[in-house]
Amino acid sequence: MNHTTPAQALCVWFLLVVATLGGTWLAEHHGLAGRWTVAVILLLAAFKVRLVMIHFMELGKAPWRWRATFQTWIVVVCSLIGGMYFVALSGQG
Amino acid sequence: MADPSSLPALATEPTDVTETPEARVPGVLVFILADMIVFAMLFTGFMVERSGQLALFDQSSATLDVWLGILNTLILITSGLFVVFAVNAARQGRTRATRGWLLATFVVGAGFGVTKMVEYSAKIEHGITMHTNDFYMFYYALTGAHFLHFLGGMLALAVLWFMAGRQKVDGPLFGLIESGALYWHMVDLLWIVIFPLLYLLGTR
């Protein structure tokens with residue numbers, strides 16, 4: 001039995017809520033982590049997307065190729081956004 | 001776009017859900033992945049334009065209502081939770097519970113539409129349109145494309161709710177319920193990226 005149970009889904013939902021509020025709080029308070037605020041926000045977004053994929057979409061039990069493909073999407077998207085954010089930032093001085 | 005032959009195949013998938021062979025993957029995943037790649041390209045386009053007009057993008061981003069963005073995130077993840085409950089109930093053959101959770105998914109999800117309309121009308125009232133600047137061009141294009149996917153998901157939920165009243169939910173319909181739920185989660189996870197991209201990147 002490896003389907004997401006309602007109790008597990010509820011735990012995942014709670015983590016998603018905490019990560020959403022935490023990430024936004026960090027952004028709104030100009031970040032305890034200073035210029036790394038955006039990096040933390042993107043990592044939180046990646047964490048949230050992964051939670052949805054693995055537990056809500058049940059890709060955790062899908063063949064590994066599917067799991068790997070979807071998770072590659074997270075890595076590529078967040079690296080692109082983060083990378084281009086920091087390149088733009090350093091270009092600005 | 002997705003391989004169209006993957007969709008009708010759903011109806012013929014094995015319905016014995018007590019056995020979950022590793023290989024059984026709904027064909028809708030191909031369609032979802034194709035959509036996610038298109039969105040990834042849009043995200044990249046946004047970041048490229050942003051690099052050239054940093055101050056403008058940050059100033060424009062600051063005019064967005066972060067609280068509406070959070071509210072929309074919370075609405076979609078809660079709606080996503082309910083659709084997990086719906087799939088779980090359908091797997092156990094519980095028709096009433098399945099329809100109840102599908103309805104809950106739809107009703108909570110409708111909140112996203114309401115918030116988005118409030119947001120769009122506030123922007124248009126202030127004379128902010130797609131043509132205002134490149135940030136808003138992306139803002140309307142990204143959230144608009146996402147909104148169309150949202151509407152598609154809502155339609156799918158309504159159809160599934162209707163069909164679940166007429167067919168066994170753990171019969172051939174189960175594959176469709178599962179596919180609809182997967183699609184709905186895609187609407188959710190795309191928003192999880194769009195929200196920080198448009199609303200939070202401008203933070204310093």
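Everything discussed here concerns the structure shown above.
Residues numbered from 1 in each chain as written. Chains lettered and ligands numbered in written order. Predicted model: local features only at pLDDT ≥ 70, side-chain atom pairs only at ≥ 80, totals over all residues.

**Student:** Break down the overall build of chain B for me, citing the residues and quoting the values.
**Tutor:** On a plain count of helices and strands, chain B comes out with six helices and zero strands. For chain B, the α and β elements follow one another from N to C terminus as α-α-α-α-α-α. A separation threshold of at least 6 residues defines the contact pool for chain B, and within that pool the share at least 24 residues apart is 81%. (Helix = DSSP H or I, 4+ residues; strand = E, 2+ residues; numbered from the N terminus. Contact = placed C-beta atoms within 7 Å.)

**Student:** So what's going on with the overall build of chain A? Residues and values would help.
**Tutor:** When its secondary structure is counted, chain A shows three helices and zero strands. Counting the 93 residues in chain A, one finds 35% classified as buried. Considering only intrachain contacts with a sequence separation of at least 6, the fraction spanning at least 24 residues in chain A is 57%. (Buried ≥ 20, exposed ≤ 12 C-beta atoms within 10 Å, placed from the backbone.)

**Student:** Could you give me a rundown of unusual backbone geometry, with the residues and numbers involved?
**Tutor:** Residues and elements named next belong to chain A. Its identity is not glycine, yet Glu58 carries a phi of approximately 60°, on the positive side. Relative to the helices and strands, Glu58 is located in the loop between helix 2 (37-56) and helix 3 (64-92). Its 19 C-beta neighbours within 10 Å are what place Glu58 among the partly exposed residues.

**Student:** Help me get a handle on the interface of chain B and chain A, residues and values and all.
**Tutor:** Each partner contributes to the interface: chain B provides 38 residues, whereas chain A provides 40 residues. Looking at the side of chain B that touches chain A, the elements with two or more residues in it are helix 1 (28-52), helix 3 (66-91) and helix 6 (173-200) of chain B. No other element matches the twelve residues that helix 3 of chain B contributes to the side of chain B that touches chain A. Partitioning the side of chain B that touches chain A into residue classes produces 24 nonpolar, nine polar and five charged. (Nonpolar A, V, L, I, M, F, W, Y, C, P; charged D, E, K, R; others polar.)

**Student:** Hey, could you go over the nonpolar core for me, with residue numbers and the actual values?
**Tutor:** In globular proteins that are soluble, nonpolar side chains generally tend to be buried together. Counting residues in each nonpolar core, the largest one holds 85 residues, and the members touching the most others are A:Ala45, B:Ala86, B:Ile177 and B:Val193. Taken together, the elements giving at least two residues each to this core come down to helix 1 (6-28), helix 2 and helix 3 of chain A together with helix 1, helix 3, helix 4 (95-125), helix 5 (134-164) and helix 6 of chain B. Of the residues forming this core, the biggest block, 21 residues, is contributed by helix 6 of chain B. Excluding residues within four positions of it along the chain, B:Ile177 makes contact with B:Ala86, B:Val87, B:Ala90, B:Leu160 and B:Val169. (Core = buried A, V, L, I, M, F, W, Y, C linked by C-beta atoms within 7 Å.)

**Student:** Describe the packing of helix 1 of chain A against helix 3 of chain B, and please don't skip the residues or the numbers.
**Tutor:** Running from N to C, helix 1 of chain A and helix 3 of chain B point in directions that differ by 170°, and their axes come no closer than 10 Å. In terms of their interaxial angle, helix 1 of chain A and helix 3 of chain B are classed as roughly antiparallel. Residues A:Pro6, A:Ala9, A:Trp13, A:Leu16, A:Val17, A:Thr20, A:Thr24 and A:Glu28 of helix 1 of chain A form the contact with helix 3 of chain B, whose own contacting residues are B:Val66, B:Ile70, B:Thr73, B:Leu74, B:Ile77, B:Thr78, B:Leu81, B:Val84, B:Phe85 and B:Asn88. Taken together, the residues of the contact of helix 1 of chain A with helix 3 of chain B break down into twelve nonpolar, five polar and one charged. (Axes fitted to C-alpha atoms, helices over the stretch in contact; angles between N-to-C directions. Parallel < 35°, antiparallel > 145°, perpendicular 65-115°, else oblique.)

**Student:** Residue-level account of the environment of B:Ala110, with values.
**Tutor:** All names here are of chain B. Following the sequence through the fold, Ala110 ends up in helix 4. Judged by C-beta crowding, with 15 C-beta atoms within 10 Å, Ala110 ranks as partly exposed. Through-space distance from the C-alpha of Ala110 to that of Phe150 is 9.4 Å; in sequence the pair is 40 residues apart.

**Student:** Requested: an account of the environment of B:Pro196, with residues and values cited.
**Tutor:** Structurally, B:Pro196 is set in helix 6. Its 24 C-beta neighbours within 10 Å are what place B:Pro196 among the buried residues. Linking B:Pro196 and B:Gly100, residues 96 residues apart in sequence, is a C-alpha distance of 32 Å. Contact partners of B:Pro196, with chain neighbours within four places excluded, come to A:Gly23, A:Ile41, A:Leu42, A:Ala45 and B:Leu201.

**Student:** Before we move on, could you go through the packing of helix 3 of chain B against helix 4 of chain B and cite the residues and values that matter?
**Tutor:** All names here are of chain B. At a closest axis distance of 8 Å, the pairing of helix 3 and helix 4 adopts a crossing angle of 165°. Here helix 3 is positioned roughly antiparallel relative to helix 4, judged by the angle of their axes. Two packed elements cross with a definite hand, and for helix 3 against helix 4 that hand is left-handed. Looking at the contact of helix 3 with helix 4, its residues break down into 17 nonpolar, eight polar and two charged. (Left-handed = near helix turned anticlockwise from the far one by under 90°.)

**Student:** Mind laying out helix 1 of chain A, listing which residues take part and the relevant values?
**Tutor:** Along an α-helix, residues three or four positions apart point the same way, because every turn accommodates 3.6 residues. The end-to-end C-alpha separation of helix 1 of chain A is 33 Å, in line with the 33 Å expected for 23 residues at 1.5 Å each. When helix 1 of chain A is considered as a whole, its buried residues turn out to be A:Ala9, A:Val12, A:Trp13, A:Leu16, A:Ala19, A:Thr20, A:Gly23, A:Thr24, A:Leu26 and A:Ala27. Contacts made by the buried residues of helix 1 of chain A are with helix 2 of chain A together with helix 3 and helix 6 of chain B. (Expected span 1.5 Å × (residues − 1).)

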